[in-house]
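Spelled out from the first residue to the last, the chains are:
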Protein chains: 2
Amino acid sequence: MPAGNLLRQPDTTLPHRLARSASTERDALHSTEELLSWLAERGAAQLHDVRRIPFAELHKWRFDDATGDLGHDSGKFFRVQGLRVQTDHGPVRSWTQPIINQPEIGILGVLAREIDGVLHFLMQAKTEPGNVNGVQLSPTVQATRSNYTRVHEGGAVPHLAHFRDASERQVLSDVLQSEQGSWFFRKRNRNMVVEASGPVEEHEDFRWMTLGQLHRLLAVDNLVNMDSRTVLSCVPGGFEGAAEEPGELAAALARSGDPRSGTLHTTAEIRSWITARQSEHLVRTDLIPLHGVRRWRRTADEIRHELGAFFTVLAVDVRSNSREVGGWTQPLLRPHGTGVVALLVTRVDGVLHALVNARVEPGYLDVVELAPTVQCTPENYEGLGVDYRPPFLDEVLRRDPGQVLFDTELSEEGGRFYQARNRYQIIEVAPEAADGAPPDFRWLTLHQLTELLKHSHYVNVQARSLVACLRGLR
Amino acid sequence: MPAGNLLRQPDTTLPHRLARSASTERDALHSTEELLSWLAERGAAQLHDVRRIPFAELHKWRFDDATGDLGHDSGKFFRVQGLRVQTDHGPVRSWTQPIINQPEIGILGVLAREIDGVLHFLMQAKTEPGNVNGVQLSPTVQATRSNYTRVHEGGAVPHLAHFRDASERQVLSDVLQSEQGSWFFRKRNRNMVVEASGPVEEHEDFRWMTLGQLHRLLAVDNLVNMDSRTVLSCVPGGFEGAAEEPGELAAALARSGDPRSGTLHTTAEIRSWITARQSEHLVRTDLIPLHGVRRWRRTADEIRHELGAFFTVLAVDVRSNSREVGGWTQPLLRPHGTGVVALLVTRVDGVLHALVNARVEPGYLDVVELAPTVQCTPENYEGLGVDYRPPFLDEVLRRDPGQVLFDTELSEEGGRFYQARNRYQIIEVAPEAADGAPPDFRWLTLHQLTELLKHSHYVNVQARSLVACLRGLR
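Structural notes, computed from the coordinates. Note that this is a predicted model, so its numbers are computed, not measured.

## Some words on the overall build of chain A
Within chain A, the secondary structure is distributed over 11 helices and 25 strands. In summary, chain A has a C-alpha radius of gyration of 22 Å against a globular reference of 23 Å for 474 residues, a match within 12%. Projected onto its principal axes, the C-alpha positions of chain A cover 60 × 55 × 55 Å. Accessible area for chain A stands at about 18000 Å²; split by element, carbon and sulfur atoms hold 48% of it.

See the structure below:
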């Protein structure tokens, strides 16, 4: 008979350790000012010269004659294909579009370790060709399978072994999450936080920092990259409202993250609502040859919609001194305009609730995911009728300065998207707003979102960014 | 400011109400003997004459000239297409096969209500053309979208409105679950249990029964149908081991269903293991024309594999006096041989654990789902080498009678499958077995399985059947 100590209990110390990290700024290993200087210094040191080129100058990337698809000679990385969408949902019921197909699952991993009793996270100063500003703060590891199986013949990915070889007791979070469903076909990445066992190599592009420092840096425009935000959002909660100098909002956040607090809808009801939204919407998607996409034109240096709307596919030449390979060319997707990504929140009896939208995007594996209250590029809707107007967009555009809890421009993944900026906002509205919601919207607490984030396919990448930001408010 | 009673807490009474239902047999509305007589009587009354016919005699079903696909003229119901599978997993890395494509999400719904203070469930005596024995015990509602939007011009589905119009507080469980991933392409059904508000119409094909009675009936060969079993498996747990006359096993089951009990792996570790299995396996599936499937032959009355293995697609003519339409023809899939579906369980410090397998099937939406320890048709492996031998099959075949906790032949869905029988078994092994498991296997408690069953895509339909059976042991 095995000994009694075979049976284990969940780790109840982790929320406390995370709260301690969230409330540590001054006593962190490096001051926040030092981190900002280091980032600026790495930005200057990492030569990253990005130049738009015609498609004909792409090296090892080519358009397939038969299909028109744009892919890499190795068959790896990703492929720009066509997608046909048919749905019974929304004002437009059928369309075709280019889409990025990247079936491989990559790793977005952040290494954690206690330094002087406080959890610190190892973040990387990393340049991506699509970044608006060169260097951004990235996870410890950000690797596609092609990266780490060395398709482009570069050096090994630093720190990767910590994630590939982690024992189950070192893993703090580990979940597949989707990315942009309008631009990617069923892309998922593995979002991991692993506590290091044994020594971690020092490297000038990496620095340890606390959760409190990361929360502070999230409020800086285009600094914490998308991959870092999604990994942070998947960390188990329980530290909401913890900060070195908690403000007026902290108590409402702490209650929102507390499993014992009441909620407007029970978690069973929220799951049933999601099941109903998934069942109600018929969405059929088929990958088609890029040649078969209507109303999009390919020129020598762009694939674009005939109205100039939505996005463009373009090509860049990259010269770098900091990456596994010194230089390369690749396609990127450039969205048009700056998006609005906004979460309305309110306090119901002192418990913060956030209004999420069960949103259909064609690239989702499972029909709908929960999105922020508003997620759109307003200029795509100019001149269109009121039926096309995204719900709650006007509430966001006409907000009062006093309602704004968070307002920062953040970028989407610079390895696939060219200068994709969104203005991420968290806006507090009067509690009366929680009296009802349209069928595709529901008010959830942070604890409810945190529980859903332990699983795939529930919370979309934009909402995950806002969860990371919301938890860090004070 | 909204009133304090806006905020709600999870329903903590439901596990107790379910336990009371599970421990009620003699004081149920009808005795179990009456239910068995009623089933026999309905079986005799429901004329259901099923005759195999050549494909040419199918009415409104035809093979598409261009693709060879077999579909209905309305474009509804389902379609037999081809599937191409490429994977880096298992002994066979690439194949093509016929597959049923049924993109619509149907409802499998069981209505519940308290009768004399005890929850009863409204079950239906229903004949399906593929059933080995005519009538089986089915959910209150078992309806595809084509059914309830009346594609075949039959009568309305009884009791459907209870599910379509349920308010959130009446819903006891509601989750999308997959079905057979070897036979269906990404099929899901909505598994619902709804507590009736207001009167429920009486009907000779329906009877109220307790969970304890359902547990008793699960042990009868080919009686409780697949749809009932999957709906039951998704009911929140907390009633494990409850029975009118609990036996020696009850305490180990109760501990296994208790969230406070220790587990061999924490739930976070189990989720990480699933994430790793999903990430490790590359599985690419593409629907292709049925014409493009190699090594399968279509004759006048069958589509079959050249070795006679796996399954056959055939056609039947059905005459019925009990269904929405009096008679129809349709294709069915007939598996070859009786399958073995077995779960190894063991007690670790008195807490029952079950050994599940992270299994790749091509029709899953998300690469792997948790399957029973063994799920195969042994005759498909005869004459093949040891590399092909399913792990743990020999432990199941060579079991000792004293190890058998459950052993019942149960059928798969008779509306799609022709006499698809599996021998479902639960076999207890010595605790030393829990000392380790191959990478694709893990020991889980019932509580851990119950938590995963609140979400889609985790537990496959065969494992769900065994969860329903396991919870009902005593």
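Still more ground to cover, so stick around.
## Some thoughts on the side chain of T266 of chain A
For T266 of chain A, the position within the fold is in the loop between α7 (250-257) and α8 (267-280). On the accessibility criterion, T266 of chain A (9% relative accessible area) is buried.

## Describing the pattern of salt bridges
Counted by the stated rule, this structure contains 78 salt bridges over all chains. The salt bridge partner of R8 of chain A is E269 of chain B, with a shortest N-O separation of 2.6 Å. Of this pair, R8 of chain A sits in the segment before α1 (14-22) while E269 of chain B is found in helix α8 (residues 267-280), placing the two residues in two different chains. Take E269 of chain B: its relative accessible area is 6%, and that puts it in the buried class. A salt bridge links E302 of chain B to R52 of chain B; the shortest N-O distance between them is 3.5 Å. In this pair, E302 of chain B sits in the loop between β15 (296-298) and β16 (303-305) while R52 of chain B sits in strand β1 (residues 48-53), placing the two residues 250 residues apart along the sequence. For R52 of chain B, a relative accessible area of 35% corresponds to the partly exposed category. When salt bridges with common partners are traced through the structure, they connect E41, R42, E204 and D205 of chain A into a single cluster.

## Focus on the side chain of D440 of chain A
All names here are of chain A. Looking at the secondary structure, you find D440 in the loop between β24 (421-428) and β25 (441-445). A residue is classified by how much of its surface remains accessible, and D440, at 16% relative accessible area, is buried. Apart from residues lying up to four places away in sequence, D440 is in contact with H89, W273, R277, H281, V356, N357 and A358.

## Comments concerning the pairing of strand β24 (residues 421-428) of chain B
Residues and elements named next belong to chain B. For β24, the tally of buried residues reaches six of eight residues, placing the bulk of the element in the interior. Alignment of strand β19 (residues 339-348) against β24, held across seven bridges, turns out to be parallel. When the bridges of β24 are listed, L343 appears paired with I426.

## Quick word on the relation of the copies chain B and chain A
For the pair chain B and chain A, the superposition axis carries a translation of 0.0 Å, the fit reaches an RMSD of 0.0 Å, and the rotation angle comes to 180°. When the rotation and shift are considered jointly, the pair of chain copies conforms to a two-fold rotation axis. When C-alpha distances to the rotation axis are compared across chain B, the minimum falls at L365 of chain B, with a value of 3.7 Å. The residues that chain B uses at the interface reappear at the interface of chain A in 100% of cases, marking a shared surface.

## A short note on a nonpolar patch on the surface
A cluster of nonpolar side chains, contributed by V92, L384 and Y388 of chain A, occupies part of the molecular surface with about 240 Å² of accessible area. Relative to the elements of secondary structure, Y388 of chain A occurs in the loop between β22 (374-376) and α9 (393-397).

## Quick notes on the interface of chain B and chain A
Listed by partner, the interface residues are 55 residues for chain B and 55 residues for chain A. Buried area between chain B and chain A, both sides added, is near 4700 Å², and the carbon and sulfur share of it is 48%. Looking at the side of chain B facing chain A, the largest losses of area belong to L7, R8 and D349 of chain B, adding up to 13% of the total buried there. For the interface between chain B and chain A, the tally reads six salt bridges. R164 of chain B serves as the salt-bridge partner of E280 of chain A, at 3.9 Å between the closest nitrogen and oxygen. Summed over the shared surface of chain B and chain A, the number is 19 residue pairs in polar contact (both at pLDDT 80 or more). Mapped onto the side of chain B that touches chain A, the elements with two or more residues apiece are β10 (171-178), β12 (188-195), α8, β19 and β20 (351-360) of chain B.

## Concerning the packing of aromatic side chains
Summed over the entire model, instances satisfying the criterion amount to 14 aromatic pairs over all chains. Geometrically, the ring pair formed by W296 of chain B and F311 of chain B is tilted, given 4.8 Å between the ring centres and 40° between the ring planes. With W296 of chain B in strand β15 and F311 of chain B in strand β17 (residues 311-320), this residue pair connects regions lying 15 residues apart in the sequence. Grouped by ring-pair contacts, the aromatic residues W61, F77 and F78 of chain A constitute a single cluster. Over the aromatic face of F63 of chain A sits the side chain of R298 of chain A, whose NZ or CZ is 3.6 Å from the ring centroid.

## Observations regarding the packing of helix α2 (residues 32-45) of chain A against helix α5 (residues 211-218) of chain A
Residues and elements named next belong to chain A. The geometry of α2 relative to α5 is characterised by a closest axis approach of 11 Å and an angle of 60° between their N-to-C directions. Our classification of the angle between α2 and α5 gives oblique. Judged by the twist between their axes, the crossing of α2 over α5 is right-handed. Residues T32, L35 and L36 of α2 form the contact with α5, whose own contacting residues are Q213, R216 and L217. Within the contact of α2 with α5, the residues separate by chemical class into three nonpolar, two polar and one charged.

## A few points about helix α11 (residues 461-471) of chain B
The element α11 of chain B is largely enclosed, with a buried count of 11 among its 11 residues. Along α11 of chain B, the residues classified as buried are V461, Q462, A463, R464, S465, L466, V467, A468, C469, L470 and R471 of chain B.

## Section: unusual backbone geometry
Most peptide bonds take the trans form, and the phi angle of most residues other than glycine is negative. Positioned with a positive phi, H159 of chain A is a non-glycine residue whose angle comes to about 70°. For R295 of chain B, which is not a glycine, the phi torsion comes out positive at approximately 70°. Considering the arrangement of structural elements, one finds R295 of chain B in the loop between β14 (283-288) and β15. The exposure class of R295 of chain B is partly exposed, given its relative accessible area of 42%.

## Side note on the environment of V351 of chain B
Here V351 of chain B is to be found in strand β20. Spatially, the C-alpha atom of V351 of chain B lies 8.8 Å from that of G257 of chain B, the residues being 94 residues apart in sequence.

Conventions used here
- Residues numbered from 1 in each chain as written.
- Chains lettered and ligands numbered in written order.
- Predicted model: local features only at pLDDT ≥ 70, side-chain atom pairs only at ≥ 80, totals over all residues.
- Heavy atoms only, no water.
- Helix = DSSP H or I, 4+ residues; strand = E, 2+ residues; numbered from the N terminus.
- Rg over C-alpha atoms; globule rule 2.2 N^0.38 Å.
- Areas by Shrake-Rupley, 256 points an atom, 1.4 Å probe, with all protein chains shown as cover.
- Buried < 20%, exposed > 50% of the residue type's maximum accessible area, 1.4 Å probe, protein only.
- Salt bridge = Lys/Arg side-chain N within 4 Å of Asp/Glu carboxyl O.
- Contact = heavy atoms within 4.5 Å.
- Pairing = 2+ DSSP bridges.
- Least-squares fit on C-alpha atoms with pLDDT ≥ 70 in both.
- Patch = residues over 30% accessible without salt bridge, like charges linked within 9 Å, V, L, I, M, F, W, Y side chains within 5 Å.
- Buried area = accessible area lost by both parts, 1.4 Å probe.
- Polar contact = N/O pair within 3.5 Å; in protein donor to acceptor, adjacent residues only side chain to side chain.
- Phe/Tyr/Trp six-rings, centres within 6.5 Å; stacked < 30°, edge-to-face > 60°.
- Lys NZ or Arg CZ within 6 Å of the ring centre and 35° of its normal.
- Axes fitted to C-alpha atoms, helices over the stretch in contact; angles between N-to-C directions.
- Parallel < 35°, antiparallel > 145°, perpendicular 65-115°, else oblique.
- Left-handed = near helix turned anticlockwise from the far one by under 90°.
- Nonpolar A, V, L, I, M, F, W, Y, C, P; charged D, E, K, R; others polar.

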